[in-house]
Amino acid sequence: YASIGDGPAFGKIRNRLIQMEECVRSAGGAVVKIVGEGILAVFQSTPSAVRAAVTLMKHTEPGALPLRTAIEHGPAMVTTLNDRLDYFGATVTRTRRLLESASQAELLVPARVALDEELQAILSESAASTSLKELTASDSLITVVSWAG
């Protein structure tokens, strides 16, 4: 905000949120929450979530806001607050923690989730590099998918 001003920064953020929502929707997901300058989305399947993340990463234009992504799999609780659905619970908390650990142009996926053969096929086709990393805060092994050059 400080370097380009509130108006231009808002425009960039709004455009990125619209791009993310369109990508999520086209992959069969739904945006359920705006978190800071990003989104929380739900999908019927983990492969759909990974496809959406890969599409977003591969179609990030130069000068666009940096993108960090995280995917988790599991149940979530949902309630209606202020006429909107709100998701919460352990899966949502784990996803937020993963996202906080992601660097720019990275997708973090728990290794137990990334072992799925369909996910491995999607990631191998994405032209991204993958590695394993241990998150010390949670003692979790994660798969790091990176599009950074």
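Here's a quick rundown of the structure.

Rules used throughout
- Residues numbered from 1 in each chain as written.
- Predicted model: local features only at pLDDT ≥ 70, side-chain atom pairs only at ≥ 80, totals over all residues.
- Heavy atoms only, no water.
- Salt bridge = Lys/Arg side-chain N within 4 Å of Asp/Glu carboxyl O.
- Helix = DSSP H or I, 4+ residues; strand = E, 2+ residues; numbered from the N terminus.
- Expected span 1.5 Å × (residues − 1).
- Buried < 20%, exposed > 50% of the residue type's maximum accessible area, 1.4 Å probe, protein only.
- Arc of directions from axis to C-beta.
- Pairing = 2+ DSSP bridges.
- Core = buried A, V, L, I, M, F, W, Y, C linked by side-chain atoms within 4.5 Å.
- Contact = heavy atoms within 4.5 Å.

1. Considerations on the pattern of salt bridges
Item 1. Summed over the entire model, instances satisfying the criterion amount to five salt bridges.
Item 2. Lys33 is paired through a salt bridge with Asp86; the nearest N and O atoms lie 2.7 Å apart. You can see Lys33 sitting in strand β1 (residues 30-35) and its partner Asp86 sitting in strand β5 (residues 84-88), a full 53 residues away along the chain.

2. Looking at helix α1 (residues 6-26)
Item 1. A rise of 1.5 Å per residue sets the reference length of α1, with its 21 residues, at 30 Å; its end C-alpha atoms lie 30 Å apart and thus fit the reference within 8%.
Item 2. Listed in full, the buried residues belonging to α1 are Ala9, Ile13, Arg16, Leu17, Met20, Cys23 and Val24. One face of α1 carries all of its buried residues, which in axial projection span an arc of 130°. Exposed residues pointing more than 90 degrees away from the buried face of α1 are listed as Gly7, Phe10, Asn15, Glu22, Arg25 and Ser26.

3. Quick word on the pairing of strand β2 (residues 38-42)
Item 1. The sheet contact formed by β1 and β2 spans five bridges and is antiparallel. Residue pairing for β2: Ala30 is matched across the bridge by Val42.
Item 2. Taken together, β1 and the strand that follows it, β2, pair antiparallel across an intervening segment of two residues, in which Gly36 is found at a positive phi of about 60°.

4. Remarks on the pairing of strand β4 (residues 77-81)
Regular strands place side chains that alternate from one sheet face to the opposite one.
Item 1. The pairing of β4 with β5 spans five bridges and is antiparallel. Note that in β5 the partner of Val78 across the bridge is Tyr87.
Item 2. Between β4 and β5, which pair antiparallel in sequence order, lie two residues; one of them, Asn82, sits at a positive phi of approximately 55°.

5. A few points about the nonpolar core
A general feature of soluble globular proteins is that nonpolar side chains tend to end up buried together.
Item 1. Formed by 14 residues in total, the largest nonpolar core has its most connected members in Val50, Ile71, Leu107, Val109 and Leu123.
Item 2. Mapped by element, the contributors of at least two residues to this core are α2 (46-58), β6 (106-110), α4 (111-114) and α5 (117-125).
Item 3. Contact partners of Leu123, with chain neighbours within four places excluded, come to Val50, Val54, Leu107, Ala128 and Val145.
Item 4. Ile13, Leu17, Met20 and Ala52 belong to the second-largest nonpolar core, a separate cluster that totals nine residues.

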